[in-house]
Amino acid sequence: MIIVRSRRLALGVTLMVSALVTVPVGIPASASTPVKAATAQDPKILRIGVTQAVDSLNPFISITRTGTDILRSQFEFLTTYSQGSMTPEGTLAEKWETSDDKLTWKFHFRKDVKWSDGEPVTAKDAAFTFNKMLDDEVARTANGSYVAQWESVEATDDQTLVIKTKVPQATMEALDIPIVPEHIWSKLADIGAEATYPMVGSGPYYITEFKEAQFTKMKANKNYWRGAPKIDELHFIYYRNADAAVTALQSGQIDLVNRLTPQQFDALKNDPNVALNNAQNRRFNEIVINPGAATNDGTPIGDGNPALKDVKLRQAIAQAIDSKTLVDKVWGGYATEGAGYIPPVFADFAWQPSGKQVRKFDLDAANKALDAAGYKKKGDDGIRLDKTGKPMNFRLLAHAEANLDETAGPFVKGWLKDIGIGITLEPVSDDQVNEDTTRGDFDLAFSGWNANPDPDYVLSLQTCANRPNAEGKGGTPDSFLCDKTYDNLYKKQLSEFDRDKRIDLVKQMQSRLYDQATTVILGYDNALEAYNKKAFEGFPLQPADKGVIMNQQGYWGYYGATPAGEGPVPVYGENGENTATGDGTTEAAADDGGNTGLILGIVGGVIVILLIGGLLVMRGRRKTAEDRE
Amino acid sequence: MTTPSPRALAWRRRGAAFAAGWREFAKQRTGLVGLGVLVVIVLLALLAPVLTDQENLDVTKATGGRMESPSWEFLLGTDRAGRSVLLLTLWSARISLTVGLVATLISVAIGTVIGILAAHFGRWVSAGLMRVTDFFLVLPSLVLAIALSSVLERGVGTIILAIGLTSWPAAARLVRAQTLTIEARPYIERSKALGGGHFHVISKHVLPAVAPLVFVNTTLAVGSAIVSESTLSFLGLGDPDPMRPSWGSMLRSAWLDSAMIAGAWWYLLPPGIAIGIVVLAFTMCGRALESVLNPRLREG
Amino acid sequence: MSDILIPTEEALAEVPPPTRGGGTVRYVLTKIGGGLISFALVIVLGFLLFRALPGNVIATMTRGRPATPEMIAQLEDEYGLNDSLWQQFLTYVGNLLHGDLGNSYIFRVPVLQKIEERLWPTVLLVGVATLISVALGLWLGTRSGWRRGSRFDRVSTGVALTLWSTPTFWLGMLLLAGTTGLFPTAGLVYSDTPPDFFSQAVDMAHHLVLPTITLVAVTYAQYQLVMRSSLIEEMGADYLTTARAKGLRDDQVRRKHAVPNALLPTVTLVFLHLGFVIAGAITTETVFSWPGLGLLTYDALRVHDLPLLQGTFVVLAGAVIFMNVIADLLYRVLDPRVRAS
């Protein structure tokens, strides 16, 4: 039994013990109600967790997904994609027409659209933006591909914009270029300089603060021409560690998060506060096989293994990859099995192989096919020899830390080993993958693209013309395919205005691609998102049926964000007006009274108490020691 | 009766010293425990191909479900692809231990050579070498290791090189200090007076005297090298071959597969615990060895 | 990158031999001169190392966007990539002396600006963690060294060794998993904290807790063990026996004599280990999304952003060198053998 003589010592010990007791009791009590307090006066904030850092918030420079997503809410384009069906609808441009030769486009601007500082938005702002891009190459960094074939841009008056192009350009109805206010940006000496905040914009929100690698804050634009959004602020918060973002969602630190992995998605299934969105995505994932990379005039480039020029070898490789297993193991079932080049979300253009053309996953058949093609197996390690007698070991280029690449890589390696082909996995940075694939320095590589409602862009990736020029620039090659049949079909569909005929041509192209096997479609993964349903009623999805909330081709998800109790969630028609009626409201979130402050107070208090207690104990003991002397 | 040759005498003396040292070492309980643990783990690692089939590391052959919790079939549960975590942990020991040992041997070798040279030759050589040593000591070695790993091809060899090239300064300083002490002793002077050249003095006198300290240093350094390997693998610089896992790459997979969120403690804990146990064992051995050399540090 | 538990011999071997007072000026100049030479080496090494990184730097910059041959030529000219290596080096050093570290490829802003933005979160994290580690390590080391063999000694040494043996990032992940919801999982402050100083400071402290605990847990062991060993060494010294014989209390003997003398190797250690602590900061910042210099370095390495890499490398290494020079100078001041003379 310890007899404590010193009062100080006793006080110290008591404080420490009481602190240690309070903590386990106090903190869980306040942490069990994770919804952040929201009184009537507090601004309504939507806090979004993003796992990709913003490179820049200058609309002429930014190319990251996160950056462009933010800028889409900041600046209107001439047109946007509707919420329901993802067709172009006018925003700044109310209507437009084109000449018979399709080389002259006239856009008629909507009246009464204002910048967030009150100034009117006119055609002159658009003319300034586009002309800047034509004159200054720095301004072409992000979206230069749209204006590459333009001849001139002119605002004939405040409400009319005339653009002349050198060749007919299909994308004129959907120019994804942020229009900036001339009265502010014309004063900048360097168009690529960092923006100043708050940033004047024409979209539903404008950026007020940007702390790199931390967060971006946006405020609602009260002057927005469609009407101000329901919420007051939009915060994009950066998480280097994706799990940290999910944990933050679970504990109410953020409200919305996307790009979940299947594990994270499943882990959130049982959380009563979280609503999940399993959305069909417009992305296809593939492995490209180097069929002999060359520049657009036919000069070979890169160090791809020449054995892969044989289409039979490529077909055997394609047959040895099981999309069904990948859907299950890589995407946890949240994906669709691979088939044609165009993702099934675009039901019209999507294609499936049938009959004799189908290449089912079959290792035996692949082995037989390789035997028949003359690729003998060596003795010991079972690796086949190519036609020149060298063992076939190929490199598989992968994006490090990407869910697909990291998980599917070992499967592909295992399957190909069983048909006698050695694979070395090469996970490298995203930039390295881009570089190596552009230079043709690869054998196999993971790749993938987001398709648009109009399939022209992704189809063009596989044409001969898409290969880079002699300096290695001028194209974003995918698989370096150069096939006459494919190219002819491409030209035909580009100028085919009969939709059904065009669909048929596109399907023929996909069939050709399937046979050429320079790309192996692995699957179409879904977009997995989650949000706090106690804090938010919901968000407009795009497309309206099974669509996504974030990274839309538009801003509907953010614009129509509806806090709990303020329903119904808007549904925007083909002209952008809200057509939702009725009373789809849930209970408003209970008011919890600032529990974060409570936690902080307890933590801070405990630390202080421990420190004081510790000091007292130390001094008490010394005193006692001295007393004893 | 023939008198044993001087060399035989020397070896006999060394043998007796070794036996005495071992007795002293055996008196320390912690050292024995550490040694025992290490022996068990090394045996398990070496016998892995005999006890289990490496083919089961192939994801296409995995039989378990995704991240199943431990059961009788999978004692430590499964990973994301359905492979046994126990199997992974066992096979990872081979890579982690190999990297740790080889990297340390390289760093100690470099450090010993530089330390001895710096102490032996003194003046300009010493100043120059010590400047280089201080420079490498002061450099944020993780940054240097990452940079090296991104220049060279990814894999086990690069990691070994990166760790070896950045860990030698500590050994160098240690060996230099010890060599200075040794060379101040009279018998070295005598040897030099008798005409012993640099090589003779170093190989016959300095090296044997420095050896015990180097041995202690090595033991302690292996633990640190294993942790370094796990850090570099975690950051994505290790061997991407799924058939050759290491504890660090297992932790990386657990990280990427959201084991934390999924509550898959069996996926997250074993590699870290394994690292902790092995490093602790090496450290305990090292400290016991250290007190064999330095009586004042002995317990009790 | 962790380092070894330095045996006491080595720790004590780092003590520079005491010299008479007149050598102070020469000592200071030598140390500062040495630091400058090391820094120059850092610059050269940094330049060579990162220039050797694979990849076409222009390709990295123009990443996937169509770039005309004229654009490429102009960029190559702008970044001096057509000059010889020697010429590039001279330009680099020249710019460095003007404080111009170039522009980051990804962020399109001056490297110096990026470093300034990210510097102080790392300083905060490393500084707080070091202070706590040193205090904790010294206190534990003193107590366990003084009462050698006691249960306290064995338990605290065991705990220290165990924590030192675990990888930093793993500890961080466990902490995150174990404290779900209690602490913020990422960043410096919440985005919706009121902007007044007090709220921001409290919020930042809240965010600092987990990363600091992680960093402290793996660094304090070194200090504890060295303090313990050097205290044990000291306790065998003659002058202490004399002091005790003269009737001084244990407590006073410890406080006034043994501890200050045993402090010296530990002090040197603190500065020497800054490089190691910075390495720990890189992994900690990754796990906790702490927007500091460590994370910047790692991310720059992943995308081969050369100017940014060279900049952070120079700054980090320079800081450590600077700290070491300070340590050497401080040593001179603290060494009782010099003060006594």
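Since we're looking at a predicted model, the values are computed, not measured.

Right, let's get into the sheet that holds strand β18 (residues 519-525) of chain A. Residue and element names in this part refer to chain A. If you trace the six strands from one edge of the open sheet to the other, you get β14-β18-β13-β17-β15-β16, paired in mixed fashion. Pairing within the sheet leaves two strands with one partner each, and these edge strands are β14 (335-337) and β16 (422-428). For this sheet the average axis-to-axis angle between neighbouring strands, irrespective of direction, equals 30°. Here four bridges tie strand β13 (residues 283-289) to β18, and the two strands are oriented antiparallel to one another. Bridge pairing in β18 links N285 to G523.

So, on to the state of the cysteines. Residue and element names in this part refer to chain A. Tallied over the entire structure, the rule returns one disulfide over all chains. Note on cysteine connectivity: C464 is disulfide-linked to C482, with sulfurs 1.9 Å apart. Across the disulfide from C464 to C482, rotation about the S-S bond amounts to roughly 100°, and the bridge is consequently right-handed. Taken together, the residues C464 in the loop between α13 (456-460) and α14 (484-494) and C482 in the loop between α13 and α14 connect sequence positions 18 residues apart. A residue is classified by how much of its surface remains accessible, and C464, at 14% relative accessible area, is buried. C482 sits in the partly exposed class, given a relative accessible area of 38%.

Bringing the environment of D328 of chain C into the picture now. Residues and elements named next belong to chain C. Along the chain, the position of D328 falls in helix α14 (residues 306-334). Spatially, the C-alpha atoms of D328 and A258 are 21 Å apart, while their sequence positions differ by 70 residues. Sequence-distant contacts of D328, defined by excluding residues within four places in its chain, comprise Y27 and K31.

What follows covers the pairing of strand β10 (residues 233-238) of chain A. Successive residues of a regular strand alternate their side chains across the two faces of the sheet. Residues and elements named next belong to chain A. In terms of burial, β10 is a largely internal element, six of the six residues being buried. A two-sided burial pattern is seen for β10, the buried positions comprising E233, H235 and I237 on one face and L234, F236 and Y238 on the other. Pairing of strand β1 (residues 45-50) with β10, which is carried by six bridges, proceeds in the parallel orientation. Looking across to β10, one finds that R47 is bridged to H235.

For the structure on display, the rule yields 27 aromatic pairs over all chains. An angle of 45° between the planes, with centres 4.6 Å apart, marks the rings of F284 of chain A and Y341 of chain A as tilted. Placement of the pair is F284 of chain A in strand β13 and Y341 of chain A in the loop between β14 and α10 (363-373), with a sequence separation of 57 residues. On the basis of an interplanar angle of 85° and a centroid distance of 6.5 Å, the ring pair of Y555 of chain A and Y559 of chain A is categorised as edge-to-face. For the residue pair Y555 of chain A and Y559 of chain A, the accessibility class agrees, reading buried in each case. Three or more aromatic residues link up through ring pairs in this structure, and these residues are Y224, W225, Y555, W556, Y559 and Y572 of chain A. Looking at R359 of chain A, its charged tip hangs above the ring of Y514 of chain A, at a distance of 4.1 Å from the centre. Here the guanidinium or amino end of R143 of chain C rests over the ring plane of F152 of chain C, the centre of that ring lying 4.6 Å away.

Definitions and cut-offs
- Residues numbered from 1 in each chain as written.
- Chains lettered and ligands numbered in written order.
- Predicted model: local features only at pLDDT ≥ 70, side-chain atom pairs only at ≥ 80, totals over all residues.
- Heavy atoms only, no water.
- Pairing = 2+ DSSP bridges.
- Helix = DSSP H or I, 4+ residues; strand = E, 2+ residues; numbered from the N terminus.
- Axes fitted to C-alpha atoms, helices over the stretch in contact; angles between N-to-C directions.
- Disulfide = S-S within 2.5 Å.
- Buried < 20%, exposed > 50% of the residue type's maximum accessible area, 1.4 Å probe, protein only.
- Contact = heavy atoms within 4.5 Å.
- Phe/Tyr/Trp six-rings, centres within 6.5 Å; stacked < 30°, edge-to-face > 60°.
- Lys NZ or Arg CZ within 6 Å of the ring centre and 35° of its normal.

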